[in-house]
Amino acid sequence: MASTKEEVKLIGFWSSPYSRKVEIALQLKGIKYQYLEERDLKNNKSPELLKYNPVHKKVPVLIHNGRPVVESLVILEYIDETWTQGPALLPKDPYERAMVRFWCKFIDDKCSPAVRKYLTLGPETDGENARAEAQECLKFLENELKGKKYFGGQTIGMVDIVAIGVAFWQRTLQEITEKELMNKQDFPLLCAWADELLSCSAIGDNLPPKDKFISLIRSRREAATATTK
């Protein structure tokens, strides 16, 4: 349990889904923290990031009373175990906790990469196999939502936070690339879940500004296209 006198800092980057997930968890728990924005992750990492995450040199990094915790999934569990106020992010039952970890790993390691691969393919590439792989992953998530409001049941849990990439980043990329991957006809439960999740102030208020995010992705795509010519 956290002490009454404590210092909580978060090193993140505004467009990173991984650092945004941690911000959402902190907000849901009602934890006060200082946010430290990385200005240039690619070319000029801050001394704080290099000091507190010398192994991976990536965001997010949670610093609790001077001690760093890295990797978003590890941080989410740490937050839930350290601060008991607010909603529980993981269930108490050992089997249910194991299932939460399974789905979080599935989303981060299989679903998100498959979706990102398809949505970032160039127009000259045949993306049918990539699309089929991404939709297969989404179908597993659709099936997991049967009879539920959220992946966590009737309240937002850790899987919902980890899957925020599907609700916001993926659907925004669909808009940019004009590639339909998830729609209400094929994925009614997933779409309803995404709309419900984004309507929660702790979620919606801690997402990147959509216009700014779209501008960033379009500039990156233009830069990538220019280097291939």
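## Here we look at the nonpolar core
Next, step 1: Grouped together as the largest cluster of nonpolar side chains are 72 residues, with contacts concentrated most on Ile 79, Leu 138, Leu 141, Met 158, Leu 190 and Trp 193.
Next, step 2: Ignoring any residue separated from it by four or fewer positions in sequence, one finds Met 158 in contact with Leu 73, Leu 76, Glu 77, Leu 89, Leu 90, Val 100 and Cys 104.

## Points about the environment of Cys 137
Next, step 1: Note that Cys 137 resides in helix H5 (residues 128-144).
Next, step 2: Given the relative accessible area of 2%, Cys 137 is considered buried.
Next, step 3: Distance in space between the C-alpha atoms of Cys 137 and Lys 110 is 7.5 Å, their sequence separation being 27 residues.
Next, step 4: In this structure, Cys 137 is in contact with Phe 106, Lys 110, Cys 111 and Ala 114, ignoring residues within four places of it in sequence.

## Remarks on the pairing of strand S2 (residues 34-37)
Moving residue by residue along a regular strand, the side chains alternate between the two faces of the sheet.
Next, step 1: Two strands pair when backbone bridges link them, and strand S1 (residues 8-12) and S2 are joined in this way by 4 bridges, in the parallel orientation. Bridge assignment links Gly 12 to a residue of S2, and that residue is Glu 37.
Next, step 2: Between the parallel elements S1 and S2, the chain passes through helix H1 (residues 17-29) in a crossover that is right-handed.

## Brief notes about the packing of aromatic side chains
Next, step 1: Following the criterion strictly, the structure yields 9 aromatic pairs and no others.
Next, step 2: Note on Phe 102 and Trp 103: the rings are 5.0 Å apart at their centroids and 80° apart in plane angle, and the pair reads as edge-to-face.
Next, step 3: Overall, the relative accessible area of 45% leaves Phe 102 in the partly exposed class.
Next, step 4: Seen in terms of ring centroids, Trp 169 and Phe 213 are 6.3 Å apart; in terms of plane orientation they differ by 80°. Their pairing is edge-to-face. One end of the pair, Trp 169, is in helix H7 (residues 164-177); the other, Phe 213, is in helix H10 (residues 210-228), with 44 residues separating them in the sequence.
Next, step 5: Residue Phe 213 is classed as buried on the basis of its relative accessible area, which comes to 3%.

## Side note on the pattern of salt bridges
Next, step 1: Across all of its chains, the model carries 11 salt bridges by this definition.
Next, step 2: In this structure, Lys 29 engages Asp 80 in a salt bridge whose closest nitrogen and oxygen atoms are separated by 3.0 Å. One end of the pair, Lys 29, is in helix H1; the other, Asp 80, is in helix H3 (residues 72-82), and 51 residues separate them in sequence.
Next, step 3: Take Lys 29: its relative accessible area is 4%, and that puts it in the buried class.
Next, step 4: In this structure, Arg 171 and Asp 195 form a salt bridge, with 3.0 Å as the shortest nitrogen-oxygen distance. Of this pair, Arg 171 sits in helix H7 while Asp 195 sits in helix H8 (residues 188-198), and the two are 24 residues apart along the sequence.

## A closer look at the pairing of S1
Next, step 1: Here S1 lies mainly inside the structure; 4 of its 5 residues are buried.
Next, step 2: One ladder, built from 4 bridges, connects S1 with strand S3 (residues 61-64); its direction is antiparallel. Its bridge partner lying in S3, Leu 10 is registered against Leu 62.

## Some remarks on unusual backbone geometry
Apart from glycine, the bulk of residues carry a negative phi angle, and the bulk of peptide bonds sit in the trans form.
Next, step 1: Cis geometry is adopted by the peptide bond preceding Pro 60, which originates at Val 59 and carries an omega value of 5°.
Next, step 2: Along the chain, Pro 60 falls in the loop between helix H2 (47-52) and S3.
Next, step 3: The backbone phi angle of Asn 65 is positive, close to 55°, even though this residue is not glycine.
Next, step 4: Following the sequence through the fold, Asn 65 ends up in the loop between S3 and strand S4 (67-70).
Next, step 5: The phi torsion at Glu 71 lies on the positive side, around 75°, for a residue other than glycine.
Next, step 6: Structurally, Glu 71 can be placed in the loop between S4 and H3.
Next, step 7: By relative accessible area, which is 40% here, Glu 71 ends up partly exposed.

## Focus on the packing of H1 against H3
The geometry of a pair of packed helices is captured by two quantities: the angle between their axes and the separation between those axes.
Next, step 1: Between H1 and H3, whose axes approach to 9 Å, the crossing angle comes to 10°. In terms of orientation, H1 and H3 fall into the roughly parallel class. Residues Tyr 18, Lys 21, Val 22, Ala 25, Leu 26 and Lys 29 of H1 lie in contact with H3, whose contacting residues are Ser 72, Ile 75, Leu 76, Ile 79 and Asp 80.
Next, step 2: Residues of the contact of H1 with H3, tallied by class, amount to 7 nonpolar, 1 polar and 3 charged.

Basis of the calculations
- Counting restarts for each chain, with residues numbered from 1 along the sequence as it is written.
- Reporting in this predicted model follows two pLDDT cut-offs: at least 70 for local features of residues, and 80 or more for side-chain atom pairs to be given and counted; totals over whole chains, interfaces and linings ignore these cut-offs and use all residues.
- Based on all heavy atoms of the structure, the side-chain values leave hydrogens and waters out of the count.
- By nonpolar core is meant a set of buried Ala, Val, Leu, Ile, Met, Phe, Trp, Tyr and Cys residues that side-chain atoms within 4.5 Å join together.
- Accessible area is worked out with a 1.4 Å probe on protein chains only. A residue is then buried under 20% of its type maximum, exposed over 50%, and partly exposed in between.
- Throughout, a residue-residue contact means that at least one pair of heavy atoms, one from each residue, lies within 4.5 Å.
- Starting at the N terminus, helices and strands are each numbered in turn, a helix being any DSSP run of H or I of at least four residues and a strand any DSSP run of E of at least two.
- Note on pairing: DSSP must find at least two bridges between two strands before they are called paired.
- Whether a crossover is right-handed depends on one test, that the path from the first strand over the helix to the second runs clockwise when the strands point away from the viewer.
- Stacked, edge-to-face and tilted are the three classes for Phe, Tyr and Trp ring pairs, Trp counted by its six-membered ring, which pair at centre distances within 6.5 Å; planes under 30 degrees apart are stacked, over 60 edge-to-face, the rest tilted.
- Only one rule defines a salt bridge in this text: a Lys or Arg side-chain nitrogen within 4 Å of an Asp or Glu carboxyl oxygen.
- Note on geometry: axes are C-alpha line fits, over the in-contact stretch for helices, and angles between N-to-C directions span 0 to 180 degrees.
- By the definition adopted for this analysis, an angle is roughly parallel if under 35 degrees, roughly antiparallel if over 145, roughly perpendicular if from 65 to 115, and oblique otherwise.
- Under the convention adopted here, Pro, Cys and the residues Ala, Val, Leu, Ile, Met, Phe, Trp and Tyr are nonpolar, Asp, Glu, Lys and Arg are charged, and Gly plus all remaining residues are polar.

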